[in-house]
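Next come the chains, spelled out residue by residue.
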Amino acid sequence: MDFTYPPEAEAFRTEYRDWLATNFTDEFRELVFSGSPSDDELARLRHWNHRLADAGYAAISWPIEHGGRAATVMEQVVFAEESVAAGIPITLNPIGLANIAPSIMAFGTDEQRSRFLRPMLRGDDIWCQGFSEPDAGSDLASLSCAAIATDDGWRINGQKVWTTFGSLATWCELLVRTDVDARSHRGITCLLVDMALPGIEVRPLVTATGDADFCELFFNDVDVPHAALLGKENDGWTVAMATLTFERGGVAALHLQLRQRIQAVIETARVHGRASDPHIRQRLAELYIGGEQLRYLADRAVSRAAQDLPPGAESSLIKIVWSTVSQMVPIVSAEILGIAATAGVPTRELMASRSLSIAGGTTEVNRNIVSERVLGLPREPRPSVRPGSLASPPAPAT
C-alpha cells in the first residue's frame, strides 16, 4: 500500500485549515443537515453552503469550470480529514453533489450543466433521487413508474419510495419506464424533474426516531418537457449506473467519522467507571478493531485511486464493515450506560442504527456480491416462478 501525502496535499491542508479558522464561526457549529430542519437551521445551512461554494470547497473534486478545484485524490483525503476533525456540517446536497452532478456532467447538455450545477453546488437547489419503488428496491431494474411520450415531452404516472430529502428537494433525478415491452433494465429513461410541477405529491415517512428524512413520491399525470431528458431515451440505466468518478477520496470520511464515535464510546466507558469491566473491555476491543479494519480498507482504496488503479476487493468490503461496526457502536454504548440509554440521544442512535444494513446497499446483497464476484464462489440459487403457480424448486447453482 503506497499511502503518502505529497507536498501539494499538505499545502492544501494548510490553506483549508486557515480558511476554516476564519470562516467556520460559532453560528455554524453543531449544525446537522436532516430531512426536517427548522427554517432557521435551513437558512444557516444554506449560508454555510454559500461560503463553501464561493471558496471552492463545496465539491473540491469537481472541474474548475463548474466551481470545483479539480482536487487530486490525496487532496480529497486531506479535505475529509480536516472537515471531520473540525466537525463541519455537510452541504445541503449530499446526494446531488456525489451522485447526480457527475451524471449531469457526463450525460447532460450544455444547457443542463449551466442550469443545474451551480445552484446545486451552492445549495440553492436541493436534489433527491427517484429510484426505488415499493416493488423495485434492490431489484431496481423492475421499476414500473411510467412516462408516456407526448407532443411536448412525457407524462409521468407512478410512485417512488425511500426518497431521501424528498420533502426538501426542489429537483429530482427520476428513473421511469418509457418502453413497457422492453425487458429488465432496458426501456428505462432518466428525467430531471422540477418538484414544483402540478401532480407531484410528497408524503414524508416518519421513522421510529421521529425523523422524516425519507419520503414517498406520487406522480399523477405530471407533464415534463423534452429538455428534462438526461442522456438518451430508453438508456437511463446507463445514466443510473454511471461510475461516480468524483470524490474518490471521500471514502476516508467513513472511517474518520466512525473512529471518532468509537473513541467517544471508549471515553464514555472511562467516565462511567466501566472500562475495567471484562465484558465491556472485550466489546470496546471489538469496536476498536472494527474501526481500524475499516481504516485500512479505506487506505487501500485511496492508495489504488491515487495510483489510477481500478477499485479492488476492498471496495466491496468497505460498506459491509462500515454497516456492521456502525451498528455495534450504539449497542456497546447502551451496554455501558445501562438504563440511562433508554432515553435521549442514545436511544435515538440505537434505533437509527438498524437502518444502516439497508442504507446505501443491503448487507445481504453486498455479501452475495463479495462471495460471488470477489471470492468466485458458486452463485446463490435463483428461484424460478411459473405464471399462475407456486414457486418451483430453486434453479441449480451455476
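Everything discussed here concerns the structure shown above.
Computed from a prediction, not measured in an experiment: that's the story for all the values here. In every chain, residue numbers begin from 1 and rise along the written sequence. Local features in a predicted model are, by the rule used here, given only for residues with pLDDT of at least 70; side-chain atom pairs are given and counted only at 80 or more, and totals for whole chains, interfaces and linings are based on all residues. With hydrogens and water set aside, each side-chain value is computed from the structure's full complement of heavy atoms.

Before going further, it helps to spend a moment on the overall build of the protein chain. Across its full length, the protein chain carries 11 helices and 10 strands. Atoms counted for the radius of gyration: C-alpha only. Globule rule: 2.2 Å times the number of residues to the power 0.38. The C-alpha radius of gyration of the protein chain comes to 23 Å, within 12% of the 21 Å expected for a compact globule of 398 residues. Referenced to the eigenvectors of the C-alpha coordinate spread, the extents of the protein chain come out at roughly 70 × 55 × 45 Å. Buried means the residue's accessible area, taken with a 1.4 Å probe over protein chains only, is under 20% of the maximum for its type, while exposed means over 50%, and partly exposed covers the values in between. Split into buried and exposed, the 398 residues of the protein chain put 45% on the buried side. Surface summary for the protein chain: the accessible area is close to 20,100 Å², and the carbon and sulfur share equals 54%. His is not counted, nor are the chain ends, whereas Lys and Arg count as positive and Asp and Glu as negative. To locate a charge, take NZ of a lysine, CZ of an arginine, CG of an aspartate or CD of a glutamate. If you average the places of the 36 positive and of the 50 negative side-chain charges in the protein chain, the two averages end up 6 Å apart. Helix and strand definitions here come from DSSP, where helices need a minimum of 4 consecutive H or I residues and strands a minimum of 2 consecutive E residues; each element is numbered from the N-terminal end. The protein chains shown are the only cover counted for residues, whose accessible areas, like all others here, come from Shrake-Rupley with a 1.4 Å probe.

Attention now goes to helix 3 (residues 73-86). The end-to-end C-alpha distance of helix 3, which contains 14 residues, comes to 20 Å, matching closely the 20 Å that a straight helix rising 1.5 Å per residue would cover. Within helix 3, 12 of the 14 residues are buried, which leaves the element mostly enclosed by the surrounding structure. Burial in helix 3 covers these residues: V73, M74, E75, Q76, V77, V78, F79, A80, E81, E82, S83 and V84. When checking whether two residues touch, look at their non-hydrogen atoms; a contact exists if any pair is within 4.5 Å. Buried positions along helix 3 lie against helix 1 (7-23), helix 7 (251-271) and helix 8 (278-306). Backbone geometry just after helix 3 places G87 at a positive phi near 75°. Helix span, as expected, comes to 1.5 Å for every residue beyond the first.

Right, let's talk about the pattern of salt bridges for a bit. Each salt bridge in this description consists of a side-chain nitrogen of Lys or Arg and a carboxyl oxygen of Asp or Glu lying within 4 Å of one another. Taken as a whole and judged by the stated rule, the model has 22 salt bridges. Salt-bridge contacts for E292 lead to R295; the nearest nitrogen and oxygen are separated by 3.1 Å. With a gap of 3 residues between them, E292 and R295 both fall in helix 8, about one helical turn apart. Classification of R295 by relative accessible area gives partly exposed; the value is 27%. Several salt bridges share partner residues, and in doing so they unite E10, R13, R17, E81 and E82 into one network.

Across the interface, helix 9 (residues 314-337) lies against helix 11 (residues 363-374) with an axial gap of 9 Å and an inter-helix angle of 145°. For the element pair helix 9 and helix 11, the recorded crossing hand is left-handed. Across the interface between the two elements, S316, L317, K319, I320, S323 and T324 of helix 9 pack against T363, N366, R367, V370 and V374 of helix 11. Here the residues of the contact of helix 9 with helix 11 sort into 4 nonpolar, 5 polar and 2 charged. Comment: axis = line fitted to C-alpha atoms, over the contacting stretch for helices; angle = value between 0 and 180 degrees taken between N-to-C directions. Handedness of a crossing is defined here by the sense of rotation of the near helix relative to the far one, left-handed for an anticlockwise turn of less than a right angle and right-handed for a clockwise turn. Under the scheme applied here, ten amino acids are nonpolar (Ala, Val, Leu, Ile, Met, Phe, Trp, Tyr, Cys and Pro), four are charged (Asp, Glu, Lys and Arg), and all others, including Gly, are polar.

What follows deals with the environment of F12. Structurally, the position occupied by F12 is in helix 1. Taking the C-alpha atoms as reference points, F12 and W162, 150 residues apart in sequence, are found 37 Å from one another. Residue contacts for F12: discarding those within four places in its chain leaves Y57, I60, R69, E75, V78 and F79.

Residue W162 is not a glycine yet carries a positive backbone phi of 60°. Structurally, W162 can be placed in the loop between strand 3 (153-160) and strand 4 (171-177). We note that D221 has phi near 50°; this positive angle belongs to a residue other than glycine.

With that out of the way, let us pick up the layout of surface pockets. Lining residues are those with an atom within 4 Å of a point, where the points come from a 1 Å grid over the protein atoms alone and group into cavities, where a 1.4 Å probe fits but cannot get out, or pockets, open sets with protein on both sides within 12 Å along at least five of seven lines. Grid points are joined across faces, edges and corners, and a volume is the space filled by probe spheres set on the points. The volume enclosed by the second largest pocket comes to roughly 170 Å³. Taken together, V365, N368, I369, E372, R373, R379, E380 and R382 make up the full set of residues lining the second largest pocket. Of the residues contributing to the lining of the second largest pocket, the split by class is 2 nonpolar, 1 polar and 5 charged.

Let us look at the pairing of strand 7 (residues 214-225). Here strand 3 runs beside strand 7; their pairing, made up of 7 bridges, is antiparallel. Bridge pairing in strand 7 links G153 to P225. Paired strands are those between which DSSP finds at least two bridges. Bridging between strand 6 (residues 200-205) and strand 7 involves 6 bridges; their strand directions are antiparallel. By the bridge assignment, L205 is partnered in strand 7 with F214.

Only buried Ala, Val, Leu, Ile, Met, Phe, Trp, Tyr and Cys residues count toward a nonpolar core, and they belong to the same one when joined by side-chain atoms within 4.5 Å. Core analysis: the biggest nonpolar cluster contains 80 residues, and W62 and I104 have the highest contact counts within it. Counting 18 residues, the second largest nonpolar core, distinct from the first, contains C172, M195, L217 and V222.

Turning our attention to the packing of helix 4 (residues 94-107) against helix 5 (residues 110-122). It is at 10 Å that the axes of helix 4 and helix 5 come closest, and there the two elements cross at 165°. The angle between the axes of helix 4 and helix 5 places the two elements in the roughly antiparallel class. Our pair here, helix 4 against helix 5, has a crossing hand that is left-handed. Together, G96, L97, I100, A101, I104, M105 and A106 of helix 4 and Q112, R113, F116, L117, M120 and L121 of helix 5 make up the contact between the two elements. Any angle from 65 to 115 degrees is called roughly perpendicular, while one under 35 is roughly parallel, one over 145 is roughly antiparallel, and all others are oblique.

Another point: the pairing of strand 1 (residues 127-130). Side-chain alternation along strand 1 places W127 and Q129 on one buried face and C128 and G130 on a second face that is also buried. With 4 bridges connecting them, strand 1 and strand 4 associate as parallel partners. When the sheet's bridge partners are listed, W127 is paired in strand 4 with W171.

Candidate patch residues must exceed 30% relative accessible area and have no salt bridge, after which like charges are joined if within 9 Å and Val, Leu, Ile, Met, Phe, Trp or Tyr side chains if within 5 Å. Together, V374, L375 and L377 line one region of the surface with nonpolar side chains, adding up to about 270 Å² of accessible area. Position of V374 relative to the elements: it lies in helix 11.

Now for the environment of T91. Relative to the elements of secondary structure, T91 occurs in the loop between helix 3 and helix 4. Sequence-wise, T91 and R46 are 45 residues apart; in three dimensions their C-alpha atoms are separated by 8.1 Å. Those residues within four positions of T91 in sequence are excluded, and the remaining contacts are F33, N49, L52, A58 and L97.

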